[in-house]
Amino acid sequence: MKNSKNHINSESNLPPSGRIKGGTPPRLAEKLLLWFLKDELAEEVLGDLDEKFYSTAEKHSTRKAKRNYWFQVIHYLRPFALKSTKFRNLTATFMIGHFLKISWRTLLRRKVFSSIKIGGFAIGIAACILISLFVRHELSYDKHYRHQEQIFRIANQYSNAGDFGRWTNLQGPFKPILEDYVPEIELVAKTVFWKWGDVGENHVRKQESVNNIYESGFFYADPELLEILEIPLLYGDQKTALSQPNSIVISKSKAEKFFPGTNPVGEQLILNDNSNQPYTIGGVMEDLPSTTHLQGDYILTLKDRKSGPGSTGWCCSNYTFYIKTIAGANKKALEQKLVEIRDTYVMDLLAAEGVSELDDMRNYRSFYLQPIANVHLNPEEIGDYQQHGQEDLVWIFGGIALIILVLACLNFINLSTAKSIQRAKEVGLRKVVGSVRTGLIRQFLVESIFYSLISVILGLAIASIALPTFNQLADKTLVLPVNNFWFIPSLALAAIIIGFISGIYPALYLSRFSPIDALKGKTKTRGKNSLVRNGMVVFQFTATVILVICSLVLHKQFNHYMNQSLGYEKDQVINILGLNTIEASERDLLKEELLRLPGISSATLADYLPVSGGRITNAAFWNEGRKELDPSFEAATWRVDEDYIETMGMKLTQGRNFTKQASDSSAIIINESMLNQLLLDDPIGKQVVDMFNNKRTIIGVVKDFNFESLATNVRPLAMTRGKGFNTISIKISTNELAEVTSSIGKTWDNIKPNQPIRYSFMDDRFERMYTSLLKAKNIFIIFSILSITVACLGLFALSAYTVEQRSKEVSVRKVLGASVSRLFTLLAKDFIKLIFIAIVIGIPVGWALSEEILQGMANTIDLNWSIFLVSALVAFGIALFTISYESVRAAIANPAEKLRSE
Amino acid sequence: MKETKLGDFEETLLLLVGILDKEAYAFRIAEEFESQTQRAVSIGAVHSTLNRLGEKGFLSSEMSGATAERGGRRKRIYTITASGQRVLEESRDFKMSLWNQFPAFAGNLKFNF
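Residues numbered from 1 in each chain as written. Chains lettered and ligands numbered in written order. Predicted model: local features only at pLDDT ≥ 70, side-chain atom pairs only at ≥ 80, totals over all residues. Heavy atoms only, no water.

As for the overall build of chain B
Along the backbone of chain B there are 5 helices and 2 strands. Each helix and strand of chain B, ordered N terminal to C terminal, gives the series α-α-α-β-β-α-α. Looking at chain B as a whole, 38% of its 113 residues are labelled buried. In chain B, 48% of the contacts between residues at least 6 apart in sequence involve partners at least 24 apart. For chain B, the accessible area works out to roughly 6,700 Å², and carbon and sulfur atoms hold 53% of it. (Helix = DSSP H or I, 4+ residues; strand = E, 2+ residues; numbered from the N terminus. Buried < 20%, exposed > 50% of the residue type's maximum accessible area, 1.4 Å probe, protein only. Contact = heavy atoms within 4.5 Å. Areas by Shrake-Rupley, 256 points an atom, 1.4 Å probe, with all protein chains shown as cover.)

The structure is reproduced here in structure tokens:
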């Protein structure tokens with residue numbers, strides 16, 4: 001050893017004449033080599049490998065050389081080169097073959113028992129693999145940038161005595177301010193992701209084509225975004241691709257769809273038949289990877305736009321800002337500087353624009369820079385318009401995966417020790433023939449590692465079968481990384497570690513038997529272990545009860561949402577979409593034609609819908625004359641026509657609907673929630689004023705209806721009269737859906753023959769708003785089933801163990817005349833006690849957890865006793881079923897068999 | 001009992017040791033093997049075989065002087081022993097006699113030694 005140490009030292013003292021900068025052979029590999037290599041070979045081998053390393057590094061790369069070094073080291077694991085002291089115990093090494101053979105035979109001898117043991121373990125491992133994939137994917141978002149530490153999203157921060165909030169949107173003219181006055185910021189880009197202008201879905205066609213194709217994934221961005229987010233371009237240049245007005249960057253897959261096999265830069269795309277404003281393709285980007293928060297196929301430039309997105313001033317906060325700082329910029333200092341810049345340069349501009357509450361802003365508002373890698377899980381809970389992963393869910397899943405694995409390991413231990421009597425004879429005999437205890441321990445460890453390896457292979461198979469379903473549930477496109485070099489080795493390593501951990505206790509336990517007792521069939525040890533065993537069963541069933549309660553609560557909550565009265569009627573309403581490609585007069589014509597069809601009772605032209613996917617506009621409101629005095633509140637503002645309320649089945653509680661009269665153009669209908677904000681007793685005829693100083697007279701109050709998720713409370717809403725550009729909604733009064741839809745299709749084709757009709761049913765869209773809840777419900781149900789399976793295996797093991805321990809007692813009782821049912825009760829009683837304890841612990845915990853889950857939602861169900869009763873009954877029923885197998889078998893067994901050996 | 005037959009890989013290595021002469025140490029032999037046969041081989045595999053050939057008495061070896069290239073470490077230079085020479089010749093002669101009995105080629109091929 002001393003010798004080899006010298007070699008390491010001589011290596012560091014004598015660097016290899018500086019041929020490769022920074023690359024030296026991996027130290028760890030070197031250490032490993034010296035650990036197993038014969039001392040007398042160390043010098044020549046290290047020398048050879050060094051030479052190999054530097055020649056590879058020169059010919060290829062340092063990375064390849066390092067990999068190759070490892071490869072060479074591993075290939076020195078040959079008998080001639082190994083230190084004899086390390087592997088002296090060769091008999092023990094060669095016994096492994098024998099141990100494996102015995103393990104295989106034991107496995108085959110008791111097929112049911114073995115398959116339960118391995119199957120349960122495999123299920124646990126499969127669950128772990130799937131959840132780990134999910135967690136890994138969730139944690140890998142936006143971590144691939146070269147300038148990772150320099151990319152941020154700007155958020156506003158409001159902090160005033162317990163009132164705390166963060167949100168993204170800023171005014172557009174902030175961009176030149178940041179560029180001019182903040183040298184620490186290298187690049188700034190505004191983006192628009194919320195449904196404004198052409199964000200989201202559009203009909204697209206090539207300049208020379210007439211056929212509109214429906215496409216989604218549009219958003220706006222400044223030209224700098226490509227550079228900030230390091231989006232690689234196949235065609236075009238990062239700096240210039242979006243720098244011309246009306247330019248567009250499309251993804252590789254869309255380029256292949258529209259312009260197969262050619263370079264489309266310079267080609268033009270028409271959006272929504274608006275041929276006055278064609279978009280010129282400035283570049284083609286690689287498809288955005290699934291691990292970026294930013295998803296989309298079309299980036300429209302904000303450069304020099306004259307109307308809509310890109311053109312608003314200091315009035316309105318419409319843009320999400322991304323920045324790239326210079327290298328080494330301090331985040332905290334920069335946040336502080338942004339506040340200073342705002343106070344110095346922006347406040348006056350805002351005051352000139354007439355923005356109110358400037359003091360509030362000066363005192364309580366600041367800026368927060370969110371590192372790009374945080375955007376997906378958004379632990380800062382910054383309000384924005386994007387889809388996020390749920391951080392809690394990631395950790396809950398991780399925790400559950402760990403618990404399932406621990407339970408599976410415990411079961412494995414339980415099952416291994418349960419059938420100890422059969423093995424006791426083997427142990428006794430081995431000891432008699434001369435086996436030492438270490439040999440026996442080694443045998444049982446080999447056996448459990450062998451089982452664990454089989455389980456891991458099986459688990460991998462189960463995971464790959466279950467992956468598509470899991471993907472659907474979790475809304476992911478995960479794949480097993482079987483091709484990654486680390487995957488199989490790390491699984492194998494995990495199998496060995498798990499096998500070792502779960503095998504060490506049974507190994508110590510079984511190898512302890514004294515040979516005489518073991519051969520006589522006497523295995524003592526009770527009492528001491530039973531606390532651990534019982535504790536394990538209680539733990540498992542508590543987990544089961546809690547998960548069953550959570551699943552039931554989520555299930556009920558979901559059904560509650562689906563059946564709740566919403567304040568409008570979502571059934572029998574069809575939304576026809578994509579009207580923005582036809583003229584306004586044609587839209588009116590379409591509405592008239594549709595109303596003429598049989599089975600259609602009313603129709604409304606409006607883009608705002610009480611389900612997801614409609615337009616969103618918000619504005620601040622005040623009572624007339626109070627703008628300078630009162631704090632503002634925000635209300636959703638919808639432009640709808642006079643048929644809207646009837647078509648949607650909404651109810652007016654006061655006042656009247658819009659009419660076609662010109663005087664109604666400044667009228668407004670508010671919802672009850674807005675009425676509460678305005679604090680008006682008699683609202684009809686009163687006036688309100690909005691942030692653009694438009695005065696409007698209240699003509700009606702509509703009953704509150706849920707227009708956003710039912711999990712939130714109904715916000716204030718104001719409706720003004722106007723017509724939609726994109727959507728017409730029709731109420732169907734017949735059950736002949738197929739007929740109606742086909743006649744609608746014909747009507748559409750007459751007006752717009754080169755664009756296929758696109759429509760959706762409003763109840764479907766409503767359900768889609770709750771997919772995340774549905775997902776959570778399904779995932780909890782799956783975990784409950786897994787947990788129940790694992791818990792059952794644990795109980796099965798325990799019952800098998802106890803029954804075996806008490807088999808003589810049972811036989812004696814039977815001889816003395818006990819009936820089968822009496823014996824069954826005797827055996828089952830102990831377990832029922834355990835299950836009862838589990839239920840008593842599980843219900844309060846489950847209750848608390850359910851309250852926690854429901855706390856974040858509005859319109860929740862009441863937790864009542866029936867949920868807890870059902871979960872208790874489920875636990876009981878399953879437990880009884882599980883223990884009955886072994887108990888009944890023991891109770892009906894022939895007592896002579898058991899007593900014969902006495 | 002020590003095996004004294006030559007395997008194919010052993011024979012190749014033995015020949016390479018002869019070719020490389022003063023430069024015949026494990027790394028160089030492995031490199032030479034890869035460049036002559038276009039097959040990848042680990043230094044460990046070569047070393048193990050050289051070691052075996054040494055045990056069989058076909059090779060002898062000694063440590064040579066240190067060079068800076070290898071961080072000042074010495075290398076083990078292998079040389080063919082008389083019995084190594086003999087076994088190579090035997091192997092060649094045996095194959096030659098087989099070739100000579102091979103009718104299709106026996107007339108056409110000329111071997112020059």
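Continuing now.
Let's talk about the overall build of chain A
When helices and strands are tallied, chain A shows 27 helices and 24 strands. Out of the 902 residues in chain A, the part that is buried amounts to 51%. When contacts within chain A are restricted to residue pairs at least 6 apart in sequence, those whose partners lie at least 24 apart make up 79%. Counting every atom, chain A has about 42,200 Å² of accessible surface; 57% of that belongs to carbon and sulfur.

Notes on the pattern of salt bridges
All names here are of chain A. By the definition in use, this model includes 42 salt bridges over all chains. Here lysine 190 makes a salt bridge to aspartate 222, at a shortest N to O gap of 3.3 Å. Here lysine 190, found in strand S4 (residues 185-192), pairs with aspartate 222, found in the loop between strand S6 (213-221) and helix H8 (225-228); they are 32 residues apart in sequence, far enough to count as distant. Here the two residues lysine 190 and aspartate 222 agree in accessibility, since each one is buried. A salt bridge links lysine 239 to glutamate 227, with the nearest nitrogen and oxygen atoms 3.3 Å apart. (Salt bridge = Lys/Arg side-chain N within 4 Å of Asp/Glu carboxyl O.)

What to know about the state of the cysteines
Residues and elements named next belong to chain A. Enumeration according to the criterion identifies 1 disulfide over all chains in this entry. A disulfide bridge connects cysteine 315 with cysteine 316, and the sulfur atoms are separated by 2.2 Å. Measuring handedness by torsion sign, the sulfur bridge of cysteine 315 and cysteine 316 sits at about -95° and is left-handed. What makes cysteine 315 partly exposed here is its relative accessible area of 30%. Here cysteine 128 stays free of any disulfide, with the sulfur of cysteine 409 as its closest cysteine sulfur at 8.7 Å. (Disulfide = S-S within 2.5 Å.)

Quick word on the interface of chain A and chain B
Counting residues at the interface gives 24 residues for chain A, matched by 21 residues for chain B. Across the interface of chain A and chain B, roughly 2,100 Å² is buried in total on both sides, 49% from carbon and sulfur atoms. Area buried by chain A at its contact with chain B is led by Glu43, Glu44 and Glu51 of chain A, which between them contribute 30% of it. Applying the counting rule to chain A against chain B returns 6 salt bridges. Of the charged contacts in the structure, one is a salt bridge between arginine 73 of chain B and aspartate 50 of chain A, with a shortest N-O distance of 3.1 Å. Across the contact surface, chain A and chain B share 9 residue pairs in polar contact (both at pLDDT 80 or more). A per-element tally of the side of chain A that touches chain B places helix H3 (residues 39-59) of chain A first, with 13 residues. Its residues placed into classes, the side of chain A that touches chain B shows 9 nonpolar, 6 polar and 9 charged. (Buried area = accessible area lost by both parts, 1.4 Å probe. Polar contact = N/O pair within 3.5 Å; in protein donor to acceptor, adjacent residues only side chain to side chain. Nonpolar A, V, L, I, M, F, W, Y, C, P; charged D, E, K, R; others polar.)

What about the confidence of the model for chain A?
Per-residue pLDDT for chain A averages 84, and the proportion of residues at 70 or more is 95%. Here residues 1-20 of chain A is a poorly scored stretch, pLDDT under 50, and it has 28 contacts once near neighbours within four places are set aside; other chains count. (pLDDT = per-residue confidence, 0-100.)

Considerations on a nonpolar patch on the surface
All names here are of chain A. A grouping of Leu28, Leu32, Trp35, Trp70, Ile74 and Leu77 is seen on the molecular surface, where their side chains present a nonpolar patch of about 570 Å² in accessible area. Among the elements of the structure, helix H2 (27-36) and helix H4 (62-74) are those that each provide at least two residues to the nonpolar patch. At 3 residues, H2 tops the list of elements feeding residues into the nonpolar patch. (Patch = residues over 30% accessible without salt bridge, like charges linked within 9 Å, V, L, I, M, F, W, Y side chains within 5 Å.)

Regarding the nonpolar core
One finds Trp638 and Met719 of chain A to be the most contacted residues of the largest nonpolar core, which totals 104 residues. It is helix H17 (residues 528-563) of chain A that contributes the most residues to this core, 13 residues altogether. Here this core spans two domains, since at least three of its residues come from each of domain 3 (391-560 + 771-899) and domain 4 (573-767) of chain A. Tryptophan 638 of chain A has contacts with Tyr608, Leu609, Pro610, Tyr644, Phe705, Phe707, Leu717, Ala718, Met719 and Thr720 of chain A, leaving out every residue within four places of it along the chain. Grouped together as the second largest cluster of nonpolar side chains are 45 residues, Leu33 and Val45 of chain A together with Leu16 and Tyr25 of chain B included. (Core = buried A, V, L, I, M, F, W, Y, C linked by side-chain atoms within 4.5 Å. Domains from an automatic or database assignment.)

Section: the packing of aromatic side chains
All names here are of chain A. Tallied over the full model, the rule gives 28 aromatic pairs over all chains. Between phenylalanine 258 and phenylalanine 259, the ring centres sit 6.4 Å apart and the planes meet at 45°, which makes this aromatic pair tilted. Taking the centre distance of 6.0 Å and the plane angle of 25° together, the rings of tyrosine 505 and tyrosine 509 count as stacked. Here tyrosine 509 and tyrosine 505 lie together in helix H15 (residues 487-511), a separation of 4 residues that amounts to about one turn. Owing to a relative accessible area of 32%, tyrosine 505 belongs among the partly exposed residues under this scheme. We classify tyrosine 509 as buried; its relative accessible area is 1%. One aromatic cluster is present, formed by Tyr568, Tyr608, Trp638, Tyr644, Phe705 and Phe707 through successive ring pairs. Sitting over the face of the ring of tyrosine 368, arginine 166 holds its NZ or CZ atom 4.0 Å from the ring centroid. (Phe/Tyr/Trp six-rings, centres within 6.5 Å; stacked < 30°, edge-to-face > 60°. Lys NZ or Arg CZ within 6 Å of the ring centre and 35° of its normal.)

What about the sheet that holds strand S24 (residues 758-761) of chain A?
Residues and elements named next belong to chain A. Reading across the sheet, the 4 strands line up as S15-S23-S14-S24 and stay open at both edges, with antiparallel pairing between neighbours. The outermost strands of the open sheet, each flanked by one partner alone, are strand S15 (600-605) and S24. This sheet shows a mean twist of 25° between the axes of neighbouring strands, independent of strand direction. Pairing geometry for strand S14 (residues 573-577) and S24, over 4 bridges, is antiparallel. For asparagine 575, the partnering residue across the bridge sits in S24 and is serine 760. Docked against the sheet, helix H18 (residues 584-596) engages S14, S15 and strand S23 (728-732), running at close to 165° with respect to S15. Strands in contact with helix H21 (residues 737-751) are S14, S15, S23 and S24; relative to S14, the strand with the most contacts, it is inclined by about 25°. (Pairing = 2+ DSSP bridges. Axes fitted to C-alpha atoms, helices over the stretch in contact; angles between N-to-C directions.)

Some thoughts on the environment of alanine 81 of chain A
All names here are of chain A. Looking at the secondary structure, you find alanine 81 in the loop between H4 and helix H5 (90-109). Taking the relative accessible area as the measure of exposure, alanine 81 reaches 0% and is therefore buried. Setting aside residues up to four positions removed in sequence, alanine 81 forms contacts with Phe36, Leu37, Lys38, Leu41 and Tyr76.

Details of unusual backbone geometry
Residue and element names in this part refer to chain A. Within the chain, asparagine 246 stands out as a residue other than glycine whose phi angle is a positive 60°. Of note in this structure, asparagine 693 is not a glycine but carries a positive phi near 65°. Looking at the element boundaries, asparagine 693 is found in the loop between strand S20 (687-690) and strand S21 (695-702).

Details of the side chain of serine 243 of chain A
Residue and element names in this part refer to chain A. The topology assignment puts serine 243 in the loop between strand S7 (233-235) and strand S8 (247-251). For serine 243, the side chain forms a polar contact with the main-chain oxygen of threonine 240, separated by 2.9 Å. Not counting residues up to four positions away in its chain, the partners in contact with serine 243 are Pro223 and Lys303.

As for the packing of helix H6 (residues 111-139) of chain A against helix H23 (residues 771-805) of chain A
Residue and element names in this part refer to chain A. As a packed pair, H6 and H23 sit with axes 11 Å apart at the nearest point and diverge in direction by 150°. Of the possible angle classes, the one that applies to H6 and H23 is roughly antiparallel. H6 and H23 meet at a crossing whose hand is left-handed. Seen from H6, the contacting residues are Phe113, Ile116, Gly120, Ile123, Ala127 and Ile131; seen from H23, they are Phe783, Leu786, Thr789, Leu793, Phe796 and Ala800. A per-class count over the contact of H6 with H23 returns 10 nonpolar, 2 polar and no charged. (Parallel < 35°, antiparallel > 145°, perpendicular 65-115°, else oblique. Left-handed = near helix turned anticlockwise from the far one by under 90°.)

A few points about the confidence of the model for chain B
Residue and element names in this part refer to chain B. Per-residue confidence for chain B gives a mean pLDDT of 84; residues scoring 70 or more make up 87%. Here helix H5 (residues 103-106) stands out as the least confident element of chain B, with mean pLDDT 62; strand S2 (residues 76-80) is the most confident, with 92. Complex prediction metrics read pTM 0.67 and ipTM 0.85.

Regarding the side chain of lysine 117 of chain A
Here lysine 117 of chain A shows up in helix H6. No salt bridge is formed by the buried lysine 117 of chain A, whose closest oppositely charged neighbour, glutamate 447 of chain A, lies at an N-O distance of 5.1 Å. (Lys, Arg positive; Asp, Glu negative; His and termini not counted.)

Description of the environment of isoleucine 248 of chain A
Residues and elements named next belong to chain A. Along the chain, the position of isoleucine 248 falls in strand S8. Among the residues examined, isoleucine 248 registers a relative accessible area of 0% and is labelled buried. For the pair isoleucine 248 and proline 223, spaced 25 residues apart in sequence, the C-alpha separation works out to 9.8 Å. Setting aside its immediate chain neighbours within four residues, isoleucine 248 contacts Phe218, Leu242, Leu269, Tyr279, Thr280, Ile281, Gly282, Gly283, Tyr298, Ile299 and Leu300.

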